[in-house]
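One-letter residues, chain by chain:
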Amino acid sequence: MIEDRTTHTSLHHARLKACLFDLDGVLVDTAVYHYKAWKKLANSLDLDFTEEQNEQLKGISRIESLNKILAWGGIEKTDKEKQALATEKNEWYVAMISKMTPSEVLPGTVAFLKAVKEAGYKTALGSASKNSALILERTLLGHFFDEIVDGNLVSKSKPDPEVFLKGASLLGVQPNECVVFEDAVAGIEAAKRGGMKAVGIGSPTVLMAADLVVKNLDQLTVRQLQQLSEL
Ligand code: B16
Ligand code: MG
(Lines give C-alpha, C1' and ligand atoms only; values in the text may rest on other atoms or scores of the structure.)
(Ligands and ions follow the chains in the order given, each with its own letter.)
Protein backbone atom coordinates (compact mmCIF):
# COMPACT_ATOMS: atom_id res chain seq x y z
CA MET A 1 0.00 0.00 0.00
CA ILE A 2 1.32 3.42 -0.94
CA GLU A 3 1.21 5.85 1.93
CA ASP A 4 0.25 9.38 1.07
CA ARG A 5 2.16 11.61 3.49
CA THR A 6 -0.32 14.48 3.12
CA THR A 7 -3.22 12.22 4.02
CA HIS A 8 -1.22 10.80 6.89
CA THR A 9 -0.58 14.25 8.33
CA SER A 10 -4.15 15.39 7.92
CA LEU A 11 -5.40 12.19 9.55
CA HIS A 12 -3.18 12.91 12.53
CA HIS A 13 -4.93 16.24 13.09
CA ALA A 14 -8.29 14.91 11.92
CA ARG A 15 -11.28 17.18 12.18
CA LEU A 16 -13.61 15.85 14.85
CA LYS A 17 -16.80 14.41 13.40
CA ALA A 18 -18.36 12.45 16.25
CA CYS A 19 -19.08 12.80 19.95
CA LEU A 20 -19.19 9.62 22.06
CA PHE A 21 -20.88 10.06 25.42
CA ASP A 22 -20.53 7.96 28.51
CA LEU A 23 -23.85 7.83 30.39
CA ASP A 24 -23.47 7.44 34.15
CA GLY A 25 -21.82 10.53 35.61
CA VAL A 26 -21.69 12.44 32.31
CA LEU A 27 -25.27 12.86 31.11
CA VAL A 28 -27.06 11.75 34.27
CA ASP A 29 -26.03 11.43 37.89
CA THR A 30 -26.64 7.71 38.22
CA ALA A 31 -23.15 7.35 39.72
CA VAL A 32 -24.73 8.24 43.05
CA TYR A 33 -27.27 5.39 42.72
CA HIS A 34 -24.50 2.91 41.85
CA TYR A 35 -22.65 4.13 44.94
CA LYS A 36 -25.68 3.73 47.22
CA ALA A 37 -26.45 0.24 45.94
CA TRP A 38 -22.82 -0.97 46.22
CA LYS A 39 -22.54 0.55 49.69
CA LYS A 40 -25.69 -1.32 50.79
CA LEU A 41 -24.33 -4.56 49.38
CA ALA A 42 -20.89 -4.06 50.96
CA ASN A 43 -22.47 -3.25 54.33
CA SER A 44 -24.62 -6.39 54.14
CA LEU A 45 -21.33 -8.32 53.96
CA ASP A 46 -19.84 -6.29 56.85
CA LEU A 47 -17.59 -4.48 54.38
CA ASP A 48 -17.12 -0.86 53.42
CA PHE A 49 -15.14 1.18 50.90
CA THR A 50 -13.82 4.73 50.69
CA GLU A 51 -14.68 7.52 48.26
CA GLU A 52 -11.33 7.00 46.53
CA GLN A 53 -12.13 3.31 46.11
CA ASN A 54 -15.55 4.26 44.72
CA GLU A 55 -13.78 6.22 41.93
CA GLN A 56 -12.29 2.92 40.80
CA LEU A 57 -15.78 1.41 40.45
CA LYS A 58 -16.88 4.04 37.94
CA GLY A 59 -17.02 2.93 34.34
CA ILE A 60 -16.20 -0.72 34.97
CA SER A 61 -18.70 -3.56 34.66
CA ARG A 62 -21.02 -4.78 37.40
CA ILE A 63 -19.13 -8.02 38.04
CA GLU A 64 -15.74 -6.31 38.00
CA SER A 65 -17.03 -3.79 40.53
CA LEU A 66 -18.15 -6.62 42.80
CA ASN A 67 -14.79 -8.38 42.42
CA LYS A 68 -13.00 -5.22 43.54
CA ILE A 69 -15.23 -4.74 46.60
CA LEU A 70 -14.73 -8.38 47.63
CA ALA A 71 -10.97 -8.14 47.09
CA TRP A 72 -10.74 -4.94 49.21
CA GLY A 73 -12.56 -6.78 52.00
CA GLY A 74 -10.45 -9.93 51.58
CA ILE A 75 -13.57 -12.03 50.95
CA GLU A 76 -13.80 -14.95 48.56
CA LYS A 77 -17.04 -16.08 46.92
CA THR A 78 -17.91 -18.71 44.35
CA ASP A 79 -19.03 -17.60 40.89
CA LYS A 80 -22.58 -18.58 41.77
CA GLU A 81 -22.53 -16.48 44.95
CA LYS A 82 -21.06 -13.57 43.02
CA GLN A 83 -23.86 -13.76 40.46
CA ALA A 84 -26.42 -13.66 43.26
CA LEU A 85 -24.74 -10.66 44.92
CA ALA A 86 -24.47 -8.76 41.62
CA THR A 87 -28.15 -9.44 40.94
CA GLU A 88 -29.10 -8.20 44.41
CA LYS A 89 -27.17 -4.95 43.87
CA ASN A 90 -28.73 -4.52 40.44
CA GLU A 91 -32.24 -4.95 41.85
CA TRP A 92 -31.64 -2.12 44.35
CA TYR A 93 -30.08 -0.01 41.61
CA VAL A 94 -32.92 -0.63 39.14
CA ALA A 95 -35.50 0.25 41.83
CA MET A 96 -33.79 3.64 42.18
CA ILE A 97 -33.33 4.41 38.49
CA SER A 98 -36.92 3.34 37.69
CA LYS A 99 -38.03 6.47 39.51
CA MET A 100 -35.67 8.83 37.67
CA THR A 101 -37.10 11.87 35.91
CA PRO A 102 -35.70 14.23 33.24
CA SER A 103 -34.86 16.65 36.09
CA GLU A 104 -31.93 14.35 36.92
CA VAL A 105 -30.20 15.03 33.64
CA LEU A 106 -26.97 16.88 34.54
CA PRO A 107 -26.73 20.67 34.00
CA GLY A 108 -26.14 21.77 30.43
CA THR A 109 -26.57 18.29 28.97
CA VAL A 110 -29.63 18.87 26.80
CA ALA A 111 -28.33 22.20 25.48
CA PHE A 112 -24.93 20.67 24.67
CA LEU A 113 -26.45 17.64 22.92
CA LYS A 114 -28.64 19.97 20.83
CA ALA A 115 -25.64 22.16 19.98
CA VAL A 116 -23.41 19.30 18.81
CA LYS A 117 -26.21 17.86 16.68
CA GLU A 118 -26.89 21.27 15.13
CA ALA A 119 -23.17 21.67 14.43
CA GLY A 120 -23.31 18.42 12.45
CA TYR A 121 -21.51 16.03 14.78
CA LYS A 122 -22.61 12.41 14.84
CA THR A 123 -23.42 11.10 18.31
CA ALA A 124 -23.24 7.77 20.09
CA LEU A 125 -23.66 6.52 23.61
CA GLY A 126 -20.68 4.54 24.93
CA SER A 127 -21.67 3.13 28.29
CA ALA A 128 -20.64 0.07 30.30
CA SER A 129 -24.15 -0.17 31.73
CA LYS A 130 -26.63 -2.90 30.91
CA ASN A 131 -29.36 -0.57 32.17
CA SER A 132 -28.83 2.23 29.64
CA ALA A 133 -32.17 1.69 27.84
CA LEU A 134 -34.13 2.23 31.06
CA ILE A 135 -32.13 5.35 31.97
CA LEU A 136 -32.54 6.86 28.48
CA GLU A 137 -36.26 6.12 28.58
CA ARG A 138 -36.73 7.69 32.02
CA THR A 139 -34.70 10.82 31.16
CA LEU A 140 -35.99 11.26 27.57
CA LEU A 141 -32.44 11.48 26.17
CA GLY A 142 -32.57 8.55 23.74
CA HIS A 143 -33.47 10.54 20.61
CA PHE A 144 -30.18 12.49 20.74
CA PHE A 145 -28.10 9.43 19.76
CA ASP A 146 -27.44 8.06 16.30
CA GLU A 147 -26.07 4.84 17.82
CA ILE A 148 -26.22 3.25 21.26
CA VAL A 149 -23.40 1.04 22.48
CA ASP A 150 -23.75 -0.27 26.02
CA GLY A 151 -22.82 -3.15 28.30
CA ASN A 152 -25.15 -5.48 26.39
CA LEU A 153 -23.10 -5.07 23.19
CA VAL A 154 -19.50 -5.25 24.37
CA SER A 155 -17.48 -8.06 25.87
CA LYS A 156 -14.46 -6.12 27.16
CA SER A 157 -15.13 -3.31 29.59
CA LYS A 158 -13.33 0.01 30.01
CA PRO A 159 -10.35 0.68 30.10
CA ASP A 160 -10.49 -1.52 27.00
CA PRO A 161 -11.46 0.77 24.10
CA GLU A 162 -13.98 -1.71 22.61
CA VAL A 163 -17.11 0.28 23.57
CA PHE A 164 -15.83 3.46 21.88
CA LEU A 165 -14.28 1.73 18.85
CA LYS A 166 -17.61 0.01 18.24
CA GLY A 167 -19.35 3.39 18.47
CA ALA A 168 -16.95 4.91 15.92
CA SER A 169 -17.39 1.99 13.57
CA LEU A 170 -21.21 2.09 13.79
CA LEU A 171 -21.12 5.83 13.07
CA GLY A 172 -18.76 5.25 10.12
CA VAL A 173 -15.98 7.49 11.42
CA GLN A 174 -12.31 6.94 12.29
CA PRO A 175 -11.25 6.81 15.96
CA ASN A 176 -9.17 10.00 15.56
CA GLU A 177 -12.31 11.81 14.40
CA CYS A 178 -14.01 11.11 17.75
CA VAL A 179 -14.13 12.88 21.07
CA VAL A 180 -15.22 10.96 24.15
CA PHE A 181 -16.92 12.51 27.19
CA GLU A 182 -16.16 10.56 30.36
CA ASP A 183 -16.31 10.87 34.15
CA ALA A 184 -14.29 7.75 34.94
CA VAL A 185 -10.54 7.21 34.99
CA ALA A 186 -11.11 3.86 33.23
CA GLY A 187 -13.19 5.60 30.54
CA ILE A 188 -10.59 8.28 29.80
CA GLU A 189 -7.98 5.52 29.49
CA ALA A 190 -10.29 3.63 27.10
CA ALA A 191 -10.68 6.73 24.91
CA LYS A 192 -6.93 7.38 24.79
CA ARG A 193 -6.15 3.72 24.08
CA GLY A 194 -8.67 3.91 21.23
CA GLY A 195 -6.82 6.90 19.72
CA MET A 196 -9.57 9.41 20.52
CA LYS A 197 -9.72 12.81 22.17
CA ALA A 198 -11.07 12.73 25.73
CA VAL A 199 -12.98 15.35 27.68
CA GLY A 200 -13.15 14.58 31.39
CA ILE A 201 -16.27 15.50 33.35
CA GLY A 202 -15.26 15.98 36.96
CA SER A 203 -12.04 16.82 38.74
CA PRO A 204 -8.77 17.56 36.85
CA THR A 205 -6.75 15.92 39.62
CA VAL A 206 -8.65 12.65 39.15
CA LEU A 207 -8.98 12.75 35.34
CA MET A 208 -5.38 13.71 34.62
CA ALA A 209 -5.14 11.83 31.33
CA ALA A 210 -7.97 13.79 29.65
CA ASP A 211 -7.25 16.45 26.97
CA LEU A 212 -9.60 18.84 28.75
CA VAL A 213 -11.55 18.61 32.01
CA VAL A 214 -14.77 20.48 32.85
CA LYS A 215 -17.06 20.18 35.84
CA ASN A 216 -20.20 19.73 33.74
CA LEU A 217 -21.22 19.88 30.09
CA ASP A 218 -22.66 23.37 30.72
CA GLN A 219 -19.08 24.66 30.83
CA LEU A 220 -18.30 23.44 27.35
CA THR A 221 -18.97 25.00 23.94
CA VAL A 222 -18.89 23.51 20.45
CA ARG A 223 -16.12 25.99 19.66
CA GLN A 224 -13.91 24.40 22.32
CA LEU A 225 -14.48 21.03 20.66
CA GLN A 226 -13.16 22.38 17.38
CA GLN A 227 -10.04 23.59 19.19
CA LEU A 228 -9.55 20.12 20.68
CA SER A 229 -8.93 18.67 17.22
CA GLU A 230 -5.87 20.91 16.90
CA LEU A 231 -4.17 19.51 20.02
P1 B16 B 1 -24.79 -1.77 35.20
P2 B16 B 1 -21.01 4.22 32.35
C3 B16 B 1 -21.06 2.26 34.15
O4 B16 B 1 -21.73 3.15 33.32
C5 B16 B 1 -20.94 2.79 35.56
O6 B16 B 1 -20.08 3.93 35.59
C7 B16 B 1 -20.36 1.73 36.46
O8 B16 B 1 -20.28 2.21 37.78
C9 B16 B 1 -21.24 0.47 36.38
O10 B16 B 1 -20.70 -0.57 37.15
C11 B16 B 1 -21.36 0.03 34.93
O12 B16 B 1 -21.88 1.10 34.15
C13 B16 B 1 -22.27 -1.17 34.77
O14 B16 B 1 -23.57 -0.76 35.06
O15 B16 B 1 -24.64 -2.50 36.48
O16 B16 B 1 -26.00 -0.85 35.13
O17 B16 B 1 -24.74 -2.70 34.00
O18 B16 B 1 -20.36 5.17 33.27
O19 B16 B 1 -20.05 3.44 31.48
O20 B16 B 1 -22.17 4.80 31.59
MG1 MG C 1 -19.45 7.07 33.76
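Before going into details, it helps to say that this report is about the structure given with it. (Residues numbered from 1 in each chain as written. Chains lettered and ligands numbered in written order. Predicted model: local features only at pLDDT ≥ 70, side-chain atom pairs only at ≥ 80, totals over all residues. Heavy atoms only, no water.)

Details of the site of ligand 1
Among the 18 residues in the neighbourhood of ligand 1, the closest are listed as Asp24, Ile60, Ser127, Lys130 and Asn131. Gly59 is positioned such that a nitrogen or oxygen atom in its backbone is 2.8 Å from an oxygen atom of ligand 1. Here Lys130 contributes a backbone N or O atom positioned 2.7 Å from an oxygen atom of ligand 1. The fraction of the free accessible surface of ligand 1 (460 Å²) that becomes covered by protein chains is 97%. Residues belonging to the shell around ligand 1 are distributed by class as follows: 5 nonpolar, 7 polar and 6 charged. Residues from two domains meet in the shell around ligand 1; each of domain 1 (2-29 + 105-228) and domain 2 (31-97) gives at least three. (Near = heavy atom within 4 Å. Polar contact = N/O pair within 3.5 Å; in protein donor to acceptor, adjacent residues only side chain to side chain. Areas by Shrake-Rupley, 256 points an atom, 1.4 Å probe, with all protein chains shown as cover. Nonpolar A, V, L, I, M, F, W, Y, C, P; charged D, E, K, R; others polar. Domains from an automatic or database assignment.)

Notes on the coordination of the magnesium ion (ligand 2)
Within the first shell, the magnesium ion (ligand 2) binds the protein through Asp22 (OD), Asp24 (O) and Asp183 (OD), at distances of 2.1 to 2.2 Å. All donors of the magnesium ion (ligand 2) come from a single chain, and their spacing in sequence reads D-x1-D-x158-D. Here the residue Asp24 occupies a position in the loop between strand 1 (18-21) and helix 2 (31-44), and Asp183 occupies one in the loop between strand 4 (178-182) and helix 9 (185-193), the gap between them amounting to 159 residues. (Donors = N, O, S within 2.8 Å, 3.2 Å for Na, K, Ca; no water. Helix = DSSP H or I, 4+ residues; strand = E, 2+ residues; numbered from the N terminus.)

Some points on the side chain of Asn54
Within the element layout of this structure, Asn54 appears in helix 3 (residues 51-57). Judged by its relative accessible area of 10%, Asn54 falls in the buried class. (Buried < 20%, exposed > 50% of the residue type's maximum accessible area, 1.4 Å probe, protein only.)

With respect to the state of the cysteines
Enumeration according to the criterion identifies 0 disulfides in this entry. Free cysteine Cys19: the closest other cysteine sulfur is in Cys178, separated by 8.7 Å. For Cys19, a relative accessible area of 0% puts it in the buried group. (Disulfide = S-S within 2.5 Å.)

Notes on the packing of aromatic side chains
A complete count under the given rule lists 6 aromatic pairs for this structure. With centroids separated by 4.6 Å and ring planes inclined at 10°, the aromatic side chains of Phe21 and Phe181 adopt a geometry described as stacked. Of the two residues, Phe21 sits in strand 1 while Phe181 sits in strand 4, which places them 160 residues apart along the sequence. A single burial state applies to Phe21 and to Phe181, both of which are buried. Taking 5.9 Å as the distance between ring centres and 85° as the angle between the ring planes, the aromatic pair formed by Tyr35 and Phe49 counts as edge-to-face. Of this pair, Tyr35 sits in helix 2 while Phe49 sits in the loop between helix 2 and helix 3, and the two are 14 residues apart along the sequence. The exposure class of Tyr35 is partly exposed, given its relative accessible area of 24%. Aromatic rings pair up to connect Phe21, Phe112, Phe145 and Phe181 into one cluster. If you follow Lys39 out to its NZ or CZ, it ends over the ring of Phe49, 5.5 Å from the centre. Over the ring of Tyr93 we find Lys89, and its NZ or CZ is 4.6 Å from the ring centre. (Phe/Tyr/Trp six-rings, centres within 6.5 Å; stacked < 30°, edge-to-face > 60°. Lys NZ or Arg CZ within 6 Å of the ring centre and 35° of its normal.)

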